Amino acid sequence: MTLAEESERIVRARAAAPVRRPAPRTGGVVRRVVSRYWTIAVLLVGWQLWASLNGYNRIVVPQPGEVVADVVGNSGAYLPDLLATLGMSAAGLLTGMAAGVALAVAVWTSPLVSGMTTPIALIMRSVPVVAMIPVLARVFGYGWQTVLVITTIVSFFPAFVFVAARLRDAPRSTSDVFAVLGASRVTVLRRLLLPHAVPGLLVAFRLTAPSAVLAAMLAEYLMGGRGLGVLFAQSVSFYQPERAWGTALVATVVSVACFVGARAVERRGLARMT
Amino acid sequence: MSALLARVPRRTVLPAVAGIVLLVVAADAIGRLGLAGAAWPTVTDVVDYLTSPTAQTLLGRALAATGTAAAIGFVAGGLGALALALLGALLPAAGPGLDRLAAVVHAVPLIALAPLLVTTVGREGTSTVIAALAAGFAVFVAATSALASTARAGRDVFAVLGASRLSTVLRLQLPAGLPTIVDGLTLAAPAAVLGAVIGEWFGARRGLGVLLVSAMQNVQIPLLWSAALSAAALSLAAYVLLVALRGWVTRRFT
Amino acid sequence: MSQPAIALQSVVKEFPLRRGTAVRALDRFDLQIADGEFVAVLGPSGCGKSTVLRLVAGLDTPSEGTVTIEGARPADLVRGHRLGVAFQEHALLPWASARANVELPWKVAGRPVDTARVDELLELVGLTGFADARPRQLSGGMRQRVAIARALALTPDVLLLDEPFGALDAVTRRRMNLELARIWAEERITTLLVTHDVDEAVLLADRVVVMTGRPGRVRHTESIDFPRPRRTEVTRDPAFHEIVDRLTRLLDESDEPGHSDAAA
Ligand SMILES: Nc1ncnc2c1ncn2[C@@H]1O[C@H](COP(=O)(O)OP(=O)(O)OP(=O)(O)O)[C@@H](O)[C@H]1O
Ligand SMILES: [Mg+2]
């Protein structure tokens, strides 16, 4: 197994979506909802019980109601930071995935480029990129540039690996048809390989979208500036527990929404391309 | 790394080595020419620092702390995830809910867990718990898919033999799914290291994450890079270890 | 016969295996196809039929001997976009509609799409109503018809078909054979068809070439003189069955030990 295959296998393994189980046969909608979301309900009830039974005061553990009230009542306080984080994540996703596709095409073009970049890609894979935020913060400065850099790096690797893999495994008979029709390499790339690589890009997108949001928030948390991470850091240091937990709640909802959205995009895209 | 390189055919070694040499030379050149500003040291700066005794005790202690948190998190998270996956296989009614929970817990940004963890398990425990969650998710995904993908025919044979659900899971699905589960473990090991480092950002007293943040704030450039390299090395070591384990399992069970 | 459209002269094709060994797929294989002739190549599985077709298509090069089309190398025809091909797998682009798939050869050649010809081809293969459907919305037989329309798109000098109906059920396959016979009667393109279905070969071809087991050589050549256009009545002609039986017997003998993989 070459290094490229090894790293590809790993990322592929990570791409496996949680299994879709067949829904229990008996019972109606209620049962289905209960069977899917009972764990979430248990979490919420547990939080409430834990907060009230221990008699924590609100500085230590605010109750779910108080947190939701702060988010809904003071949404103006959350919105600018939410938009800043989302903007940075989206920008990083775009540049990172574009760079990943570009390098994948470069690797496809030349075996030399491929041989030289593969170990670098493997090293990048093994480096805990998100843990490198402090280094990047020093190199690129405290500010939005660094947030963009980190979200870009996070988005880069999966796009590179999945697109590179798809560029290599176009169906043989279709490639033969292109060869017999006298297609140039550029035509093969444009009309066969790139469209064929779209599903790979979609998988990369599903994997990356929540990580990009998380990386953006961590970078903001460490460096300051704007964004949900900053809002969280500030509300912790100014003893605003509802705001801190509210930020956590908003971050969770955003992240889950990104995951669900990315998965929907992937499903629709796959249906279109295959 | 050597475990990986050993399997690489010779003709791909040359460009690979060239690529790595180029990377180091480029990193050094950027430092020497100051292309990336003062925060980018030369390779020799970092090597000098790494070889000094003070640095070695400092980094050694941090490595031990982070390594311990990651290891405990890996074992606890892995076992917990495996138990949950088995529960899902034994009680099909609970399965979808567990899947949702895993997806949600994974999507919850670590930063959102921080306030919860700091109040429940304290500043020191946070890093272990985040490591456990990160590792656990990787194992859970691998284990559910491994248990679910046992060939239909095999399960039908067990059903016809009148095997109980428990014995089907233990005697058929689990052994058959072992390679996939070990694949999940190879992903979980670096994930645990990353989780431990990030967990230390929320107020731990010791560890590579602490060094990273304090070196960033105090502009201690060689320390910053040394800590980063140590974190990367720890993650790589965890990964290589698990790849070796996977090799052994594959030889033994397939 | 004047200069043949396609000529394979004592072609040898070997595929390297591990450690210096090689499989000899074709051994001094000779075949000539006249301009406007339809030749079917029959043979047991693994005898090198697809190899012959790939050599003519320029997808592989012979180890020894020569392959020429109209006196030139296959690669030259490929460069002029003058070959059409269809395989057992339809090899359609899954993201493109039937129409877009038929338009592909023009786009590949960098020529403006001849919309009238595309319409005509879709009508020829009976898919006018399905121009906008994507491959997975079509049945197996319909996909194969799109693939054939695509192969015919640029009115190629040579049409190459490698078991184009191999993945279809027997009934659909027979229908597709009759349809191809009709289409071919209209276009009359020099055609090389590779198949292991004897009925298909006899129904469609002017000449059937039976190959030996691996390494493949020409074992027998049979001229088929039924008048065109050939319709389903041909298949009820006793002469048809006599030829089919004879060729089937030859094939069975080619498959016996000594000729086939069992010896290898
Ligand atoms: N690319 C290749 N590498 C190695 N061996 C090959 C290759 N292509 C074909 N062969 C070998 O050459 C022989 C002939 O193959 P070919 O595909 O031409 O057979 P075929 O007559 O088309 O068989 P079928 O009817 O099953 O399609 C086979 O033994 C096959 O194993
Ligand atoms: Mg074949």
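Residues numbered from 1 in each chain as written. Chains lettered and ligands numbered in written order. Predicted model: local features only at pLDDT ≥ 70, side-chain atom pairs only at ≥ 80, totals over all residues. Heavy atoms only, no water.

> Even after reading the chapter, I still don't get the overall build of chain C, so can you show me in this structure?
Scanning chain C from terminus to terminus reveals 8 helices and 9 strands. Relative to its length of 264 residues, chain C is compact, with a C-alpha radius of gyration of 18 Å against a globular reference of 18 Å. Dimensions of chain C along its principal axes, counting C-alpha atoms only, are 50 × 45 × 40 Å. Here chain C contributes 34 positive and 38 negative side-chain charges, whose respective centroids are spaced 5 Å apart. (Helix = DSSP H or I, 4+ residues; strand = E, 2+ residues; numbered from the N terminus. Rg over C-alpha atoms; globule rule 2.2 N^0.38 Å. Lys, Arg positive; Asp, Glu negative; His and termini not counted. Charge placed at Lys NZ, Arg CZ, Asp CG, Glu CD.)

> Looking at this model, I keep getting lost on unusual backbone geometry. Mind explaining?
Trans is the common state for peptide bonds, and a negative phi is the common state for residues other than glycine. All names here are of chain C. Arg214 connects to Pro215 through a cis peptide bond whose omega is -5°. For Pro215, the location among the structural elements is in the loop between strand 8 (207–211) and strand 9 (218–223). For the bond running from Arg228 to Pro229, omega is -5°, close enough to zero to count as cis. Mapped onto the secondary structure, Pro229 falls in the loop between strand 9 and helix 8 (238–254). Positive phi is not limited to glycine here, since Arg28 has a value of about 40°. With respect to the helices and strands, the residue Arg28 is situated in strand 2 (residues 22–33).

> So what exactly am I meant to see when it comes to the nonpolar core here?
Note that soluble globular proteins tend to have their nonpolar side chains buried in a common cluster. One finds Ile133(A), Ile150(A), Leu218(A), Phe74(B), Trp201(B) and Phe202(B) to be the most contacted residues of the largest nonpolar core, which totals 99 residues. Sequence-distant contacts of Ile150(A), that is, excluding residues within four places in its chain, are made with Val129(A), Val130(A), Ile133(A), Leu136(A), Ala215(A) and Ala219(A). Judged by nonpolar contacts, the second largest core, of 59 residues, contains Val163(A), Leu189(A), Leu83(C) and Val158(C). (Core = buried A, V, L, I, M, F, W, Y, C linked by side-chain atoms within 4.5 Å. Buried < 20%, exposed > 50% of the residue type's maximum accessible area, 1.4 Å probe, protein only. Contact = heavy atoms within 4.5 Å.)

> Even after reading the chapter, I still don't get the interface of chain B and chain A, so can you show me in this structure?
When the parts of a complex come together, some accessible area is lost, and that lost area is often taken as the interface size. Counting residues at the interface gives 66 residues for chain B, matched by 55 residues for chain A. Carbon and sulfur atoms supply 77% of the area buried between chain B and chain A, which totals about 5600 Å² over both sides. The three residues of chain B that bury the most area against chain A are Ile111(B), Trp201(B) and Met216(B), which together make up 13% of that side's buried surface. One can count 0 salt bridges joining chain B with chain A. Here chain B is connected to chain A by 1 residue pair in polar contact (both at pLDDT 80 or more). For the side of chain B that touches chain A, the secondary-structure elements that each account for two or more residues are helix 1 (2–5), helix 2 (10–33), helix 5 (95–107), helix 6 (110–120), helix 7 (122–148), helix 9 (165–199), helix 10 (208–217) and helix 11 (221–253) of chain B. (Buried area = accessible area lost by both parts, 1.4 Å probe. Salt bridge = Lys/Arg side-chain N within 4 Å of Asp/Glu carboxyl O. Polar contact = N/O pair within 3.5 Å; in protein donor to acceptor, adjacent residues only side chain to side chain.)

> Is there a simple way to explain the UniProt feature "transmembrane region" (unreviewed entry) in chain A in this structure?
Residue and element names in this part refer to chain A. Annotation from UniProt places "transmembrane region" (unreviewed entry) at residues 33–50, 82–108, 120–140, 146–165, 200–224 and 244–265. This span, residues 146–165, is 100% helix and 0% strand, and a straight line between its end C-alpha atoms measures 29 Å. For the annotated span residues 244–265, helix accounts for 100% and strand for 0% of the residues, and the straight-line distance between the end C-alpha atoms is 31 Å. (UniProt positions renumbered as here; feature names shortened; annotations may be inferred.)

> Sorry, what's going on with the environment of Arg136(C) here?
Mapped onto the elements, Arg136(C) comes out in the loop between helix 4 (115–124) and helix 5 (140–152). Separated by 44 residues in sequence, Arg136(C) and Leu92(C) have C-alpha atoms that sit 9.9 Å apart. In this structure, Arg136(C) is in contact with Ala271(A), Thr274(A) and Arg143(C), ignoring residues within four places of it in sequence. Among the polar contacts made by the side chain of Arg136(C), one reaches the main-chain carbonyl oxygen of Ala271(A) at a distance of 2.9 Å.

> I'm lost on the UniProt feature "domain: ABC transporter" (unreviewed entry) in chain C in this one. Help?
UniProt marks residues 6–238 of chain C with the feature "domain: ABC transporter" (unreviewed entry), using the numbering shown here. Note that residues 6–238 of chain C is 32% helix and 26% strand, and that its end C-alpha atoms are spaced 32 Å apart.

> Could you clarify how one ought to interpret the sheet that holds strand 8 of chain C in this entry?
Strand pairs in the sheet, formed through backbone hydrogen bonds, run parallel or antiparallel to each other. Residue and element names in this part refer to chain C. An order of 5-6-7-3-8-9 is seen for the 6 strands of this open sheet, with the pairing classed as mixed. Of all the strands in the sheet, just strand 5 (83–86) and strand 9 have a single pairing partner and so form its edges. Strand-to-strand, the axes of this sheet are offset by a mean angle of 15°, without reference to chain direction. The strands touched by helix 5 within the sheet are strand 5 and strand 6 (158–162), with strand 5 carrying the most contacts at an inclination of about 170°. (Pairing = 2+ DSSP bridges. Axes fitted to C-alpha atoms, helices over the stretch in contact; angles between N-to-C directions.)

> Is there a simple way to think about the sheet that holds strand 2 of chain C in this case?
All names here are of chain C. Within the open sheet, the 3 strands sit side by side as 2-1-4. Their pairing is antiparallel. Every other strand in the sheet has two partners, leaving strand 2 and strand 4 (64–69) as the edge strands with one partner each. Strand-to-strand twist across the sheet, computed as the mean angle between neighbouring axes with direction ignored, equals 25°. One ladder, built from 8 bridges, connects strand 1 (residues 6–16) with strand 2; its direction is antiparallel. Paired with Leu8 across the strands is Leu31, a residue of strand 2.

> Is there a simple way to explain the interface of chain A and chain C in this structure?
In this assembly, 20 residues from chain A lie in contact with 20 residues from chain C. Here chain A meets chain C over a buried area of about 2000 Å², counting both sides, of which 65% is carbon and sulfur. The largest per-residue losses of area from chain A upon contact with chain C belong to Val180(A), Leu181(A) and Arg191(A), which jointly make up 33% of the total buried on that side. On inspection of chain A and its partner chain C, the count reaches 1 salt bridge. Across the pair Asp176(A) and Arg54(C) runs a salt bridge, and its minimum N-O distance is 2.7 Å. At 8 residues, helix 8 (residues 172–180) of chain A tops the list of elements feeding residues into the side of chain A that touches chain C. Each residue belonging to the side of chain A that touches chain C can be placed in one class, and the counts come to 10 nonpolar, 6 polar and 4 charged. (Nonpolar A, V, L, I, M, F, W, Y, C, P; charged D, E, K, R; others polar.)

> What is the right way to read the site of ligand 1 from this model?
All names here are of chain C. By nearness alone, every residue bordering ligand 1 is listed as Phe15, Ala25, Ser45, Gly46, Cys47, Gly48, Lys49, Ser50, Thr51, Glu163, His196 and Arg214. Note that an oxygen atom of ligand 1 is positioned 2.7 Å from one of the side-chain N or O atoms of Ser45. The separation between an oxygen atom of ligand 1 and a polar side-chain atom of Ser50 is 2.6 Å. Protein chains shield 65% of the accessible area of ligand 1, which is 640 Å² for the free molecule. Here the element with the most residues in the shell around ligand 1 is helix 1 (residues 49–56); it accounts for 3 residues. Taken together, the residues of the shell around ligand 1 sort by class into 3 nonpolar, 6 polar and 3 charged. (Near = heavy atom within 4 Å. Areas by Shrake-Rupley, 256 points an atom, 1.4 Å probe, with all protein chains shown as cover.)

> Any chance you could explain the packing of helix 6 (residues 133–140) of chain A against helix 7 (residues 144–168) of chain A here in plain terms?
Angle between the axes and distance between the axes: these two values describe a pair of packed helices. Residues and elements named next belong to chain A. Running from amino to carboxyl end, helix 6 crosses helix 7 at an angle of 135°, the nearest separation of the two axes being 9 Å. Taken together, the axes of helix 6 and helix 7 are oblique relative to one another. Seen along the crossing, helix 6 lies across helix 7 with a hand that is right-handed. Counted together, Ile133, Leu136, Ala137 and Phe140 of helix 6 and Gln145, Thr146, Val149, Ile150 and Ile153 of helix 7 form the full contact between these two elements. (Parallel < 35°, antiparallel > 145°, perpendicular 65-115°, else oblique. Left-handed = near helix turned anticlockwise from the far one by under 90°.)

> Any chance you could explain helix 5 of chain C here in plain terms?
Each α-helix winds once per 3.6 residues, and so residues spaced three or four apart point in a common direction. Here helix 5 of chain C contains 13 residues, and its C-alpha end-to-end distance of 19 Å stays within 8% of the 18 Å for a straight helix at 1.5 Å per residue. Counted residue by residue, helix 5 of chain C has 11 buried out of 13 residues, so it is predominantly covered. Listed in full, the buried residues belonging to helix 5 of chain C are Gly141(C), Met142(C), Gln144(C), Arg145(C), Val146(C), Ala147(C), Ile148(C), Ala149(C), Arg150(C), Ala151(C) and Leu152(C). Here the buried face of helix 5 of chain C lies against helix 8 of chain A together with strand 5, helix 3 (98–109), helix 4, strand 6 and helix 6 (170–187) of chain C. (Expected span 1.5 Å × (residues − 1).)

> So what exactly am I meant to see when it comes to the side chain of Arg173(C) here?
Checked against the element boundaries, Arg173(C) lands in helix 6. Sequence-distant contacts of Arg173(C), that is, excluding residues within four places in its chain, are made with Phe165(C), Gly166(C), Leu168(C), Thr195(C), Asp197(C) and Glu200(C).

> Which parts of the structure should I look at to understand the environment of Gly203(B)?
Residue and element names in this part refer to chain B. Relative to the assigned elements, Gly203 resides in the loop between helix 9 and helix 10. Since its relative accessible area comes to 32%, Gly203 is described here as partly exposed. Separated by 89 residues in the primary sequence, Gly203 and Ala114 have C-alpha atoms spaced 9.8 Å apart. Residues contacting Gly203, with those up to four places away along its chain left out, are Arg123 and Glu124.

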